[in-house]
Amino acid sequence: MPPMEGFSVRKTLKSDYDRYYTGQEADWRWLVGREKARNIVTLCGAVPHDSLLDIGCGEGAVLEWLSQLGFGKVYTGIEISQTGVDATRKRTIPQLAECVLFDGYTIPYPDQSFDVAVLSHVVEHLEFPRRLLYEAGRVARHVFV
């Protein structure tokens, strides 16, 4: 099934997130990322998880912790904020294949491209949660929310 189109994040929300990842709370997000990553490992360890998509990856703290925990082989991050994409790319994440900007609803990958898609503290920020959850299920065999 082709990706759904026509949805995007409000410009005002995107503008807020464009300023969000500028370093003020990086230490806090780093610590919280550790617990998020541990939960992902615990709850997704029994399913295939070689390829992982972090939807709304923020500044990449969860991906870096997953890397340190040895979970998965290839990571991809997508984020609505350029500052988040830039911060993720600057981290030391050997498994990171790419981190790209996306519109918040249409995931730019073909069907079943990933073993696991992660939406960690993302759904509660969405205007149209079903839309992004559908997309996550389209591009991944397993979805962790």
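Undergrad: What exactly am I supposed to notice about unusual backbone geometry here?
TA: As a rule of thumb, non-glycine residues mostly have phi less than zero, and peptide bonds are mostly trans rather than cis. Positive phi values are uncommon outside glycine, yet Gln-112 reaches one of about 55 degrees. Within the secondary structure, Gln-112 sits in the loop between β3 (96-101) and β4 (114-118). Owing to a relative accessible area of 36%, Gln-112 belongs among the partly exposed residues under this scheme. In this structure, His-121 takes a positive phi of about 55 degrees despite not being glycine. Here His-121 falls in the exposed class, since its relative accessible area comes to 53%.

Undergrad: I tried to follow the nonpolar core on my own but got confused; where do I start?
TA: Nonpolar side chains in soluble globular proteins tend to be buried together. Counting 18 residues, the largest nonpolar core has Leu-53, Ile-55, Ile-78, Phe-102, Ile-107, Tyr-109 and Leu-132 as the members making the most contacts within it. Within the residue set of this core, elements represented by two or more residues are β1 (51-55), β4 and α5 (129-139). Here this core gets three residues from one element, more than from any other, and that element is α5. Filtering out sequence-adjacent residues up to four positions away, Tyr-109 remains in contact with Leu-53, Thr-76, Ile-78, Glu-98, Val-100, Phe-114, Arg-138 and Val-139. Ala-37, Phe-71, Cys-99 and Phe-144 belong to the second-largest nonpolar core, a separate cluster that totals 17 residues.

Undergrad: Would you mind showing me how to read the sheet that holds β4 here?
TA: The strands making up a sheet are joined through hydrogen bonds of the backbone, oriented either antiparallel or parallel. Ordered in space as β3-β2-β1-β4-β5, the five strands form an open sheet in which the pairing is parallel. Here the strands that pair on one side only, and so sit at the sheet edges, are β3 and β5 (140-144). Averaged over neighbouring strand pairs, the angle between their axes works out to 20 degrees when direction is ignored. Of the strand pairs in this sheet, β1 and strand β2 (residues 74-79) are connected by five bridges, and their pairing is parallel. By the bridge assignment for β2, Ile-55 is matched with Ile-78. Packed onto the sheet, helix α4 (residues 82-90) meets β2 and β3 and runs at close to 165 degrees relative to β3.

Undergrad: What is the right way to read the pairing of β4 from this model?
TA: Consecutive side chains of a regular strand alternate in pointing toward one face of the sheet and then the other. The element β4 is extensively covered by neighbouring structure, given that five of its five residues are classed as buried. Bridge count for β4 against β5 is four bridges, and the pairing is parallel. Each bridged residue has a counterpart across the sheet, and for Ala-117 the counterpart in β5 is Val-143. Handedness of the crossover joining β4 and β5 through α5: right-handed.

Cut-offs applied
- Residues numbered from 1 in each chain as written.
- Predicted model: local features only at pLDDT ≥ 70, side-chain atom pairs only at ≥ 80, totals over all residues.
- Heavy atoms only, no water.
- Helix = DSSP H or I, 4+ residues; strand = E, 2+ residues; numbered from the N terminus.
- Buried < 20%, exposed > 50% of the residue type's maximum accessible area, 1.4 Å probe, protein only.
- Core = buried A, V, L, I, M, F, W, Y, C linked by side-chain atoms within 4.5 Å.
- Contact = heavy atoms within 4.5 Å.
- Pairing = 2+ DSSP bridges.
- Axes fitted to C-alpha atoms, helices over the stretch in contact; angles between N-to-C directions.
- Right-handed = clockwise from strand over helix to strand, strands pointing away.

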